[in-house]
Amino acid sequence: MEWENTPLSDNVEDRRGGGGGGLGGFGGTGGLGLGTILILTIIGYFTGIDPRMLIGGAEVVSDMRAQAPQSQAAAPGADDKLKLFVRHVLGETEAVWADALPAQTGVSYQPATLVLYDGATQSGCGGAQAAMGPFYCPLDKKVYLDLSFFRDMETKYGGGGDFADAYVIAHEIGHHVQDLLGILAKTDAAKENASQTTRNAISVRVELMADCLAGVWAANANQKWKLLDPGDVEKAVATAGAIGDDRLQTAARGYAVPDSFTHGSSAMRVKWLTVGLQSGKVDACDTFKQ
């Protein structure tokens, strides 16, 4: 992926450097090793399952606002390569959506802030921990990311790579686009008083739409900057196929429970990422009608 000559975003808030402990500092793990925690982190991110539930024995807190203190330490002074990469990818999403969103939907794009942190911090949606994986908070319009998520996927487990990492960021920005379009508010309202199965089904549609919107970003970004190298699309499709709820649940417990899916099956994730990549259009991503 050719990202070095694309726009740089200034909407990155760097809270790193506070000694938050990274994945090793995740509370309630007992004697679990770092590798086990990371596997559960990745499964939790891509399935929507709180890693504390996968670990077992950890306290489930309904109000997360008291869980993790915000780091007050100064952020690193110089851009490291990963931060620079994040700034470029975020800048690409801002440039793409500033053009595509009003042109295709009539809605102006307002950039989200991406927060980098170590281990734990505070979000508008409550405490953020590395074990939760990257996420978007609609209450403060921010994406939260601990860069250890990318480092460990690549160095310890042979995954990752520039385009796969960019896909994760673009997926979270896809949720921000949904927020700007009013989709998140509507789906949250639809979940009220619904059964857990129905709530899960709605979550799947929301997540598949974010996958599709990540594809829309990639298609439009490639037109602007020719950023895709040979094999990038194939790698992204393979990544989408590898992180379906069915595969992750089967890997974690030997079988899959479709009613518990929150992000979609491998086939569904591949389908909707591909739809976005091939169309480059927001209106092609209506997962609630197809």
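In this text, all values refer to a predicted model and were calculated from it rather than measured experimentally. (Residues numbered from 1 in each chain as written. Predicted model: local features only at pLDDT ≥ 70, side-chain atom pairs only at ≥ 80, totals over all residues. Heavy atoms only, no water.)

(A) Fine view of the overall build of the protein chain. Within the protein chain one finds ten helices and six strands. The long-range fraction of contacts in the protein chain, counting pairs at least 24 apart against all pairs at least 6 apart in sequence, stands at 75%. (Helix = DSSP H or I, 4+ residues; strand = E, 2+ residues; numbered from the N terminus. Contact = heavy atoms within 4.5 Å.)

(B) Looking closely at the packing of aromatic side chains. Applying the stated rule across the entire model yields three aromatic pairs. Relative to phenylalanine 85, the ring of tryptophan 3 has its centre 5.3 Å away and its plane inclined at 80°; by these criteria the two rings are edge-to-face. Of this pair, tryptophan 3 sits in the segment before β1 (12-14) while phenylalanine 85 sits in helix α3 (residues 81-105), placing them 82 residues apart in sequence. Summarising the burial analysis for this pair, tryptophan 3 and phenylalanine 85 share the class buried. Arranged with centres 5.2 Å apart and planes meeting at 15°, the rings of phenylalanine 135 and tyrosine 144 form a pair that is stacked. Judged on exposure class, the residue phenylalanine 135 and its partner tyrosine 144 are both buried. One Lys or Arg, lysine 224, reaches over the ring of tryptophan 225 and ends 6.0 Å from the middle of that ring. (Phe/Tyr/Trp six-rings, centres within 6.5 Å; stacked < 30°, edge-to-face > 60°. Buried < 20%, exposed > 50% of the residue type's maximum accessible area, 1.4 Å probe, protein only. Lys NZ or Arg CZ within 6 Å of the ring centre and 35° of its normal.)

(C) Quick peek at the pairing of strand β6 (residues 142-145). Residues Lys142 and Tyr144 line one face of β6 and the alternating positions Val143 and Leu145 line the opposite face, and both faces are buried. By the bridge criterion, four bridges tie strand β2 (residues 113-116) to β6 in an arrangement that is parallel. When the bridges of β6 are listed, threonine 113 appears paired with lysine 142. Taken together, the three bridges between strand β5 (residues 135-137) and β6 define a ladder with antiparallel strand orientation. Counted as the bridge partner of cysteine 137 is lysine 142 from β6. Connecting β5 to the next strand, β6, in antiparallel fashion are four residues, including lysine 141 with a positive phi near 60°. (Pairing = 2+ DSSP bridges.)

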